[in-house]
Amino acid sequence: MFKQLAVAATIIASAFLPSAVQAYSVGNECGSILGYQTCVNYQDADSPDVIMVDGPNGTSRIYASCYADGGYDWNATGPNSKMFINMLVDAYCDI
């Protein structure tokens with residue numbers, strides 16, 4: 001009974017979520033950037049890519065958007081410094 005209620009609640013809730021704000025993953029890849037272990041979840045063109053990095057102070061989650069003119073924007077959570085994150089996103093966007 002509980003499982004049926006949970007499924008019904010999920011279906012009802014999903015009906016109210018606007019589909020225009022959903023990000024779609026177009027792939028992922030793990031490797032290294034600047035010698036740090038990273039995993040990147042590539043998003044569609046309307047959403048920033050998500051980079052997980054094991055940096056010098058722990059794991060950070062970075063939301064990065066790279067632009068054709070060479071610029072980029074990012075937002076991050078985690079213990080690593082802004083200087084480290086900026087350096088990593090700069091290298092990521094140059095790849």
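Peer 1: I'm lost on the overall build of the chain in this one. Help?
Peer 2: Summing up its helical and strand segments, the chain has two helices and five strands in all. Tracing the chain from N to C terminus, the helices and strands come up as α-β-β-β-β-β-α. In the form shown here, the chain has an accessible surface area of approximately 6,700 Å², with 58% of it arising from carbon and sulfur atoms.

Peer 1: Honestly, the side chain of Gln43 in this entry has me stumped. Any pointers?
Peer 2: With respect to the helices and strands, Gln43 occurs in strand β2 (residues 36-43). Of the polar contacts made by the side chain of Gln43, one reaches the side chain of Asn41; its length is 3.2 Å.

Peer 1: Explain unusual backbone geometry to me, please; I cannot follow it from the model alone.
Peer 2: Of all residues except glycine, most have a negative phi; of all peptide bonds, most are trans. At Leu34, a residue that is not glycine, the phi angle is positive and equals roughly 55 degrees. With respect to the helices, strands and loops of the structure, Leu34 is situated in the loop between β1 (25-33) and β2. The class of Leu34 is partly exposed, set by a relative accessible area of 46%.

Peer 1: Could you clarify how one ought to interpret the sheet that holds strand β4 (residues 58-66) in this entry?
Peer 2: Whether parallel or antiparallel, the strands of a sheet pair through hydrogen bonds between backbone atoms. Here five strands make up an open sheet; going across it, the order is β1-β2-β3-β4-β5 and the pairing antiparallel. The sheet is open, and its two borders are formed by β1 and β5 (72-77), each paired with just one other strand. Going across the sheet, the axis of each strand differs from the next one's by a mean of 20 degrees, ignoring polarity. Sheet topology note: the β2/strand β3 (residues 49-55) ladder contains four bridges and is antiparallel.

Peer 1: Would you take a moment to explain helix α2 (residues 82-94) for this structure?
Peer 2: Helical geometry: 3.6 residues make up each α-helical turn, so side chains three or four residues apart lie on a common side. Here α2 spans 18 Å end to end across 13 residues, near enough to the 18 Å set by a 1.5 Å rise per residue. Among the residues making up α2, those that are buried are Phe84, Ile85, Leu88, Val89, Ala91, Tyr92 and Cys93. On its buried face, α2 is in contact with β1, β2, β3, β4 and β5.

Peer 1: Looking at this structure, I do not really get the state of the cysteines. What am I missing?
Peer 2: Disulfide: a covalent bond formed between the sulfur atoms of two cysteine residues. Summed over the entire model, instances satisfying the criterion amount to two disulfides. Between the sulfur atoms of Cys30 and its disulfide mate Cys39 the distance is 2.0 Å. Handedness here is read from the sign of the S-S torsion; for Cys30 and Cys39, about 105 degrees, the answer is right-handed. Overall, Cys30 belongs to the exposed group, its relative accessible area being 53%. Look at Cys39 and you get partly exposed, because its relative accessible area is 32%. The side chain of Cys66 participates in a disulfide bridge whose partner is Cys93; the two sulfur atoms lie 2.0 Å from each other. Sign of the S-S torsion, about -75 degrees for the bond between Cys66 and Cys93, identifies this disulfide as left-handed. Note that Cys66 is positioned in strand β4 and Cys93 in helix α2, a separation of 27 residues in sequence. Look at Cys66 and you get partly exposed, because its relative accessible area is 36%. Of note for the chain: the bonded cysteines, numbered N- to C-terminal, pair according to 1-2, 3-4.

About the thresholds
Residues numbered from 1 in each chain as written. Predicted model: local features only at pLDDT ≥ 70, side-chain atom pairs only at ≥ 80, totals over all residues. Heavy atoms only, no water. Helix = DSSP H or I, 4+ residues; strand = E, 2+ residues; numbered from the N terminus. Areas by Shrake-Rupley, 256 points an atom, 1.4 Å probe, with all protein chains shown as cover. Polar contact = N/O pair within 3.5 Å; in protein donor to acceptor, adjacent residues only side chain to side chain. Buried < 20%, exposed > 50% of the residue type's maximum accessible area, 1.4 Å probe, protein only. Pairing = 2+ DSSP bridges. Axes fitted to C-alpha atoms, helices over the stretch in contact; angles between N-to-C directions. Expected span 1.5 Å × (residues − 1). Contact = heavy atoms within 4.5 Å. Disulfide = S-S within 2.5 Å.

Keep in mind that these numbers describe shape and distance, not what the molecule does.
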